[in-house]
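Remarks on the overall topology
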6 protein chains.
Amino acid sequence: MRNDHRKVNELREVTIETDYVKHPEGSVLISFGDTKVICNASVEDRVPPFLRGQGKGWITAEYAMLPRATEQRNIRESSKGKVSGRTMEIQRLIGRALRAVVDLDKIGERTLWVDCDVIQADGGTRTASITGAFVAVVIAFGKLVENGTLKELPVTDFLTAISVGVLPEGEEILDLCYEEDSRAQVDMNVVMTGQGEFVELQGTGEEATFSMPQLQKMLSLAQEGVNDLVKLQKEAIGDWSDVITGKQVSGAAKES
Amino acid sequence: MRNDHRKVNELREVTIETDYVKHPEGSVLISFGDTKVICNASVEDRVPPFLRGQGKGWITAEYAMLPRATEQRNIRESSKGKVSGRTMEIQRLIGRALRAVVDLDKIGERTLWVDCDVIQADGGTRTASITGAFVAVVIAFGKLVENGTLKELPVTDFLTAISVGVLPEGEEILDLCYEEDSRAQVDMNVVMTGQGEFVELQGTGEEATFSMPQLQKMLSLAQEGVNDLVKLQKEAIGDWSDVITGKQVSGAAKES
Amino acid sequence: MRNDHRKVNELREVTIETDYVKHPEGSVLISFGDTKVICNASVEDRVPPFLRGQGKGWITAEYAMLPRATEQRNIRESSKGKVSGRTMEIQRLIGRALRAVVDLDKIGERTLWVDCDVIQADGGTRTASITGAFVAVVIAFGKLVENGTLKELPVTDFLTAISVGVLPEGEEILDLCYEEDSRAQVDMNVVMTGQGEFVELQGTGEEATFSMPQLQKMLSLAQEGVNDLVKLQKEAIGDWSDVITGKQVSGAAKES
Amino acid sequence: MRNDHRKVNELREVTIETDYVKHPEGSVLISFGDTKVICNASVEDRVPPFLRGQGKGWITAEYAMLPRATEQRNIRESSKGKVSGRTMEIQRLIGRALRAVVDLDKIGERTLWVDCDVIQADGGTRTASITGAFVAVVIAFGKLVENGTLKELPVTDFLTAISVGVLPEGEEILDLCYEEDSRAQVDMNVVMTGQGEFVELQGTGEEATFSMPQLQKMLSLAQEGVNDLVKLQKEAIGDWSDVITGKQVSGAAKES
Amino acid sequence: MRNDHRKVNELREVTIETDYVKHPEGSVLISFGDTKVICNASVEDRVPPFLRGQGKGWITAEYAMLPRATEQRNIRESSKGKVSGRTMEIQRLIGRALRAVVDLDKIGERTLWVDCDVIQADGGTRTASITGAFVAVVIAFGKLVENGTLKELPVTDFLTAISVGVLPEGEEILDLCYEEDSRAQVDMNVVMTGQGEFVELQGTGEEATFSMPQLQKMLSLAQEGVNDLVKLQKEAIGDWSDVITGKQVSGAAKES
Amino acid sequence: MRNDHRKVNELREVTIETDYVKHPEGSVLISFGDTKVICNASVEDRVPPFLRGQGKGWITAEYAMLPRATEQRNIRESSKGKVSGRTMEIQRLIGRALRAVVDLDKIGERTLWVDCDVIQADGGTRTASITGAFVAVVIAFGKLVENGTLKELPVTDFLTAISVGVLPEGEEILDLCYEEDSRAQVDMNVVMTGQGEFVELQGTGEEATFSMPQLQKMLSLAQEGVNDLVKLQKEAIGDWSDVITGKQVSGAAKES
């Protein structure tokens, strides 16, 4: 039924390659099938003006596509002299999502710049960006812990994102590729923590609407995808994985 | 518990004044408490390049705030020479939402420009914009039907939007004012049709997360708010209300 | 003879509604017939770089139109990424005019931002803006006096503006509406103080010219209009009116 | 009394050099004392979109200063990426003034571009620009008549501009240099035809005001200056001078 | 003597990976040591306005760096809203160089867009871009020949670029890495054809100068580097290599 | 053979007029035949951020053309809101070239702004700009020495620039006018010191290439032109000429 014969709850092949580029503190190449995104995390020793003097940090994200990441060549936003609404929406989403699992009070007056550059696009670039950016961020903060700049890893949980949707035939599916995304009636991006809490939920009917039962099916698929992605993130970040898992537990304890 | 003594499921006072400005085909001043938005719908007899020659129309929305709609004066986006990410995100949302309840094939090669200008802001400007814009759009299309340009009202259902959220105390509430929005842990905008279908769902943890039970409580509050808002829209658009209700039924029939 | 049957020296109905929007220190909705402008005055506790450290203040004005304030929808200047020459010319005029009746040495290192936003346009938007902005400015400064920030009202005289012109039939008229403005051969904006001194005089032949006798007739009409407008301003600002009148006298004495 | 010992009604030395640059159809270097402006008129065989198909032409003007035309170096507007309000105001003034003495119906669907570039500034750059631009325009149109493109010179009268003002000492003066302009209380630019009709009148109190008698004295000084400037323009344009004078007479006849 | 122990006439390790990204007609990842550039060639079926109707094509290049391609993160040019002088200079160079070895008359009214995106920078990004772009261009044109769009490969010779320079110690070297480039007194980029003709020569003294003998030594080193690079290009493009070599001969014959 | 009957090694008539505009510290009008450029050097008492606190200065250049410097009118870059690639390339070249003969350590924390404004263009505007800018810079620094701001002239050698090229007929020529530049196959700009060292070499095949023997002939022509230009510069700067010549010698001594 799906053009690449996946099951409705099956992710595309996901790979996470770390230390992809040499200069950034954290650098990851993440692939969801043919979607490939370079996620670089850079540490800057100052914060934006609105935060100065408060002793806390900030995370800001930027997102872009190479002109020929897509079937048709896109005009560069630098040539147009302005950033599109779609780009701004995505980079605001990525930054917001990451800030939900980072304790900004523990990073000092530093900014973490997260650059997500899509080199090949086949649907799901924003969810791949978030999932890969999380890994780059952990690696960057890990280096700051290792060199003594930070006392502990300021990351409170895993963070992944995945798309779900409803095809015109009425079927709910996980991890839409571009062809599926183009014809889907409903498109939803779910950003979730490793503990299964929602960070962000963005569901859109594309000249269509969706009902409560459809919403529930989609959320259930998303939960399955998130579980798979967290496993891959754990492999990519190695030992830091246990540190984060430890924080999850104390986090749950704190709430109760 | 709420600073204006509302119940958790209580809307602020909502008023919809039609024919507010004389030039636009549809013009509405909508108030949600101290939030006041002018929603103007303008008809243009051509479509953007990507739709030319296809015999169908388009709806595009623009959103702006007067510089002193807020407690602190904002710099005009025209002075800055560019539109902010937040503005772009909101105007894309408004346009997308309206397109979900308008049959673009029935409006010919026309663009409906919807301008939402916030003259006073106290939280919920994007949901007030969508709720008011729907009324302006119906009035504008109504005029095109009355003067014979269109054969029938191309609107397939009511469209309203409302915010819900979770306060730091853990309480879920409906229709957040600015003070509540500032301290809420979770902020969710729900765009719904008169038949209770979702058009758009945007939930965001503000450096926080939310669980499935919290999501369900919020959606239930939103449904209550939507029901109240549809009643107010019906009063504002008068006779066109029955025309839309008639389409709802046939719409449901078509789906079955 | 005039399309709305006014006499040549008759203003349109002018109304001034104060406290129109809640956040600004001074907020006015002024109407000249169908021309409606929101004038907001905001106080900022710093001055532009060129004035820093001199112990004096500044007044700066911004002017904009809602896209559908006019018969044809205008593209937003924020979307175009730049402000038009006409807009810049008007906002420079408004700021300059207000500075002529405010003693900038008495307001400390503060900037008064005056925002004039046209929500409906039918000719004379710049003169309505100045006339309404003056009221907003007095109210804003009045609040600073009342809360002890300023020792006295730093306003030295009333300030009003009105248009005059010459119709193609050769008749000089006062307060041109859009229809008259479109066909007038000569268009002149007169900014005057309550004592009848000129602050600004801008007369333009529209692919035409005007003679000295025509100029004198126009100036005489403008003086009549100004007298009427000052009465309306006095009603709008209440008790501050006498304070300003008191300054006029001492001002005249100082000059002699 | 004046820092360069001129009488109150005395112009600075004014020179008009024609054919200054080789490419433009009309090219003039005009000097008012140390103020030097290159005025180039270029003919383009098409009109802006709003005039297409109407068989008439258009005149548009651009104004700029070399960065070091002034005492302090100015940042180039091309580097800033936008044109200042002052520049826009001046170029709109120059274009409007020229259109008042050119019969746009007689030039076909052509645009006359008038570029006024100030290479050295010492006050009065906008009036020098208009006075010089008129000469460049006559020369450019003269060439079009000579080569048979136009049947007759489409210029209906002479056009000059001059500044007048009021010094702090209360004296009214003609043709302000920069030093005088800086300290003047009132600054007025008068654009007049050869027959003494007003085209544009722009008087501004610089944080000051002016009375009716002061206005009348200034206008009388301006008339003197205009008479002198028209003589210089006649010398610069040679034989075309009589053609224009001939049109003045028939113009007056038409009006009576 | 060189920090990576290369001989003065030794290139860094150069690799050319073809078919790197799936959408573009030609796609290459080229590495010069730690400098890595993605070169994508896209075919568009129209030409810029200045070439329309002439039956010939065009090649245009764009160049950019990922923000963290470098040691310090760079602000994106899309965020700044304008392209830097350095970027413009490089993309003009790449386009000009490619046009020297492509017969634009033989590609019809098509534009070849060449995007060079640096993902990791360690000196020599512009020369790597040209060398890699050539391969991407040949592959893209090869596809057009294979699918019958073009009759023959419109490429007249090989094209490579390499940097040479003079170290402060006075030694001339080939293929400068970033560390060498930073301290070099002279930096020269040489663009050459496979037959050893110059296409572009850009030598710059960095607050220094260079003599004729130094120029000659640098040109000799460049020739060595070019010979090595052509060999690598031949491997990358496979069979098309002989087609180009065939054209070289006939080209030489034509000139004699 | 050349359209103005010059010999292949003959410059156009070159004139250098000093003190052309009154405000700048150094001001020159330079002509190469019909190419005329105003070169103004301005001293500013601060440096760009990247140099602050290092006790050394900077030279930055800007280049522009009047819209009608050319046969066809060009749109102003200020109207377009951005500076073209060509302009940026030229102004970077001018700045870089001047910095090669100025000892930035000896000018303190000052910026020298060099503005090259082309008022009439007939080929070779960038080389005329450099040659004229050098004279303006020497005059500006000379004034700083004379008024005691600087201890000595911080100029280490003469600096001139000239174009050479290859015509389609195969002839190498010196100092191309616009007509020659348009049809030349190769265009090379050579920036040289008075001692015959290269500062910058930019040779470009215009959809063509050039061989080593052609390069050598062009460089030999350039050397002849530079010798002639240095003589003219010496006349223009008078006594400062000997000061620079004195530095040349010691410079050579230092190197040996």
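Residues numbered from 1 in each chain as written. Chains lettered and ligands numbered in written order. Predicted model: local features only at pLDDT ≥ 70, side-chain atom pairs only at ≥ 80, totals over all residues. Heavy atoms only, no water.

Before going further, it helps to examine the overall build of chain A. The helix and strand inventory of chain A stands at six helices and nine strands. For chain A, the C-alpha radius of gyration of 18 Å lies close to 18 Å, the compact-globule estimate for 256 residues. If one aligns the C-alpha atoms of chain A with their principal axes, the spans along those axes are about 55 × 50 × 30 Å. Burial status across chain A gives 60% buried among its 256 residues. Put simply, 69% of the contacts in chain A that link residues at least 6 apart link residues at least 24 apart. Surface summary for chain A: the accessible area is close to 9700 Å², and the carbon and sulfur share equals 47%. Averaging the positions of the 29 positive and the 40 negative side-chain charges in chain A gives two centres separated by 5 Å. (Helix = DSSP H or I, 4+ residues; strand = E, 2+ residues; numbered from the N terminus. Rg over C-alpha atoms; globule rule 2.2 N^0.38 Å. Buried < 20%, exposed > 50% of the residue type's maximum accessible area, 1.4 Å probe, protein only. Contact = heavy atoms within 4.5 Å. Areas by Shrake-Rupley, 256 points an atom, 1.4 Å probe, with all protein chains shown as cover. Lys, Arg positive; Asp, Glu negative; His and termini not counted. Charge placed at Lys NZ, Arg CZ, Asp CG, Glu CD.)

Residue and element names in this part refer to chain B. Two elements in contact, helix H3 (residues 125-146) and helix H5 (residues 212-237), have axes separated by 10 Å at closest approach and are oriented at 30 degrees. The orientation of H3 relative to H5 falls into the category roughly parallel. Helix-helix and strand crossings are classified by hand; for H3 and H5 the assignment is right-handed. Here H3 contributes Thr131, Phe134, Val135 and Val138 to the contact with H5, which in turn contributes Leu229, Gln233, Ala236 and Ile237. The residue makeup of the contact of H3 with H5, split by class, is six nonpolar, two polar and no charged. (Axes fitted to C-alpha atoms, helices over the stretch in contact; angles between N-to-C directions. Parallel < 35°, antiparallel > 145°, perpendicular 65-115°, else oblique. Left-handed = near helix turned anticlockwise from the far one by under 90°. Nonpolar A, V, L, I, M, F, W, Y, C, P; charged D, E, K, R; others polar.)

Here the focus is the UniProt feature "binding site: phosphate" (unreviewed entry) in chain A. As annotated in UniProt, the feature "binding site: phosphate" (unreviewed entry) corresponds to Arg86(A), Gly124(A), Thr125(A) and Arg126(A) in the numbering used here. The annotated residues occupy 41 residues of the chain but converge on a single region, no pair of C-alpha atoms lying more than 13.5 Å apart. Checked against the element boundaries, Arg86(A) lands in helix H2 (residues 85-99). Not counting residues within four places of it along the chain, the set of residues in contact with Arg86(A) comprises Tyr63(A), Met65(A), Thr125(A), Arg126(A) and Arg92(B). The residue Thr125(A) is located in helix H3 (residues 125-146) in this model. Classification of Thr125(A) by relative accessible area gives buried; the value is 6%. For Thr125(A), the contacting residues outside a window of four places in its chain are Thr35(A), Val37(A), Tyr63(A), Met65(A), Arg86(A) and Val118(A). (UniProt positions renumbered as here; feature names shortened; annotations may be inferred.)

Let's shift gears to empty space enclosed by the protein. Evaluated as defined, the whole model comprises three cavities of 30 Å³ or more. Roughly 40 Å³ of internal volume is contained in the largest cavity. Around the largest cavity, the lining residues are Glu62(A), Tyr63(A), Ala64(A), Glu77(A), Val83(A), Thr87(A), Gln91(A), Arg76(E), Ser78(E) and Ser79(E). Listed by contribution, the elements that provide at least two residues to the lining of the largest cavity are strand S4 (58-65) and H2 of chain A together with helix H1 (77-80) of chain E. Residue contributions to the lining of the largest cavity peak at three residues, all from S4(A). Each residue belonging to the lining of the largest cavity can be placed in one class, and the counts come to three nonpolar, four polar and three charged. Approximately 40 Å³ is the volume found for the second largest cavity. In terms of lining, the second largest cavity is formed by Val43(A), Trp58(A), Ile107(A), Arg110(A), Thr111(A), Leu112(A), Phe141(A) and Leu144(A). Elements with a contribution of two residues or more to the lining of the second largest cavity: strand S5 (111-120) and H3 of chain A. Class assignment of the residues belonging to the lining of the second largest cavity gives a composition of six nonpolar, one polar and one charged. (1 Å grid on protein atoms, 1.4 Å probe; cavity = no way out; pocket = protein on both sides within 12 Å on 5 of 7 lines; lining within 4 Å. Points joined across faces, edges and corners; volume = space filled by probe spheres on them.)

Rotating chain A by 180 degrees about the axis while translating it 0.0 Å along that axis superimposes it on chain B, leaving an RMSD of 0.0 Å. Within this description, the copies of the chain are treated as partners about a two-fold rotation axis. Considering only C-alpha atoms, the residue of chain A closest to the rotation axis is Gln202(A), which sits at 2.2 Å. A share of 100% of the interface residues of chain A reappears at the interface of chain B, consistent with the copies meeting face to face through the same patch. (Least-squares fit on C-alpha atoms with pLDDT ≥ 70 in both.)

This part covers a negative patch on the surface. Judged by side-chain charge, Asp181(E), Glu206(E), Glu207(E) and Asp105(F) come together as a negatively charged surface patch. A residue is classified by how much of its surface remains accessible, and Asp181(E), at 30% relative accessible area, is partly exposed. (Patch = residues over 30% accessible without salt bridge, like charges linked within 9 Å, V, L, I, M, F, W, Y side chains within 5 Å. Salt bridge = Lys/Arg side-chain N within 4 Å of Asp/Glu carboxyl O.)

This brings us to the arrangement of the chains. In this assembly chain A lies apart from chain D, the nearest approach of their C-alpha atoms being 11 Å. There is a clear gap between chain C and chain E: no contact, and 11 Å between their nearest C-alpha atoms.

Once that is clear, we can look at the pairing of S4(A). Residues and elements named next belong to chain A. Most of S4 is tucked away: six of the eight residues are buried. Relative to S5, S4 is paired through eight bridges, and the arrangement is parallel. Residue pairing in the sheet places Ala64 in a bridge with Asp117 of S5. (Pairing = 2+ DSSP bridges.)

Let's shift gears to the environment of Ile59(A). Residue and element names in this part refer to chain A. Relative to the assigned elements, Ile59 resides in strand S4. Along the sequence, Ile59 and Val230 sit 171 residues apart, while their C-alpha atoms lie 21 Å from each other. Apart from residues lying up to four places away in sequence, Ile59 is in contact with Leu98, Arg99, Val102, Leu104, Leu112 and Val114.

Next up on the list: the interface of chain A and chain B. Tallying the contact residues gives 33 residues for chain A and 33 residues for chain B. Counting each side, the surface lost to burial between chain A and chain B is near 2800 Å², with a carbon and sulfur contribution of 54%. Sorting the residues of chain A by area buried against chain B places Glu89(A), Phe198(A) and Glu207(A) first, and these three jointly supply 21% of that buried surface. At the boundary of chain A with chain B, the tally comes to four salt bridges. (Buried area = accessible area lost by both parts, 1.4 Å probe.)

A separate point is the packing of aromatic side chains. All names here are of chain E. The full count for this structure, using the stated rule, is 18 aromatic pairs over all chains. With a centroid separation of 5.2 Å and an interplanar angle of 85 degrees, the aromatic rings of Phe50 and Trp58 are classed as edge-to-face. Overall, Trp58 belongs to the buried group, its relative accessible area being 18%. (Phe/Tyr/Trp six-rings, centres within 6.5 Å; stacked < 30°, edge-to-face > 60°.)

All names here are of chain C. By secondary structure assignment, the location of Glu180 is in helix H4 (residues 178-183). A polar contact is formed between the side chain of Glu180 and the side chain of Arg2, at a distance of 2.7 Å. Those residues in contact with Glu180 that sit more than four places away from it in its chain are Arg2, Asn3, Asp4, Arg6, Leu167, Ile173 and Asp175. (Polar contact = N/O pair within 3.5 Å; in protein donor to acceptor, adjacent residues only side chain to side chain.)

Turning to the environment of Thr127(B), a few remarks are in order. Residues and elements named next belong to chain B. Within the fold, Thr127 resides in helix H3. When its relative accessible area of 1% is taken as the criterion, Thr127 is described as buried. Spatially, the C-alpha atoms of Thr127 and Gly196 are 16 Å apart, while their sequence positions differ by 69 residues. Those residues within four positions of Thr127 in sequence are excluded, and the remaining contacts are Ala161, Ile162, Ser163 and Asn189. In terms of polar contacts, Thr127 uses its side chain to reach the backbone carbonyl oxygen of Gly124, at 3.1 Å.

A word on the sheet that holds strand S1 (residues 14-18) of chain E. Residue and element names in this part refer to chain E. The sheet built from five strands is open, its strands ordered S1-S2-S3-S5-S4 with mixed pairing. Unpaired on one side and paired on the other, S1 and strand S4 (58-65) mark the two borders of the sheet. Taken pair by pair, the neighbouring strands of this sheet meet at an average axis angle of 20 degrees, ignoring direction.

With that settled, consider the sheet that holds strand S4 (residues 58-65) of chain B. Residue and element names in this part refer to chain B. Overall, mixed pairing links the five strands, which are arranged S1-S2-S3-S5-S4 in an open sheet. In this open sheet, the two edge strands, each paired with only one partner strand, are strand S1 (14-18) and S4. The mean angle between the axes of side-by-side strands here comes to 20 degrees, regardless of whether they run parallel or antiparallel. Across five bridges, S1 lies against strand S2 (residues 26-32) in antiparallel orientation. By the bridge assignment for S2, Glu17 is matched with Leu29. Running at roughly 20 degrees to S1, H5 makes contact with S1 and S2 of the sheet.

Counting across every chain of the model gives 140 salt bridges over all chains. For Glu62(A), the salt bridge goes to Arg76(E), with nearest N and O atoms at 2.8 Å. With Glu62(A) in strand S4 and Arg76(E) in the loop between S4 and H1, the pair connects residues from two separate chains. Looking at Glu62(A), the relative accessible area reads 11%, which means it is buried. You can call Arg76(E) buried: its relative accessible area is 8%. Ionic pairing is found between Arg110(D) and Asp45(D), a salt bridge with its closest N-O pair at 3.2 Å. Of this pair, Arg110(D) sits in the loop between helix H2 (85-99) and strand S5 (111-120) while Asp45(D) sits in the loop between strand S3 (35-44) and strand S4 (58-65), and the two are 65 residues apart along the sequence. Exposure remark for Asp45(D): the relative accessible area of 63% places this residue in the exposed category.

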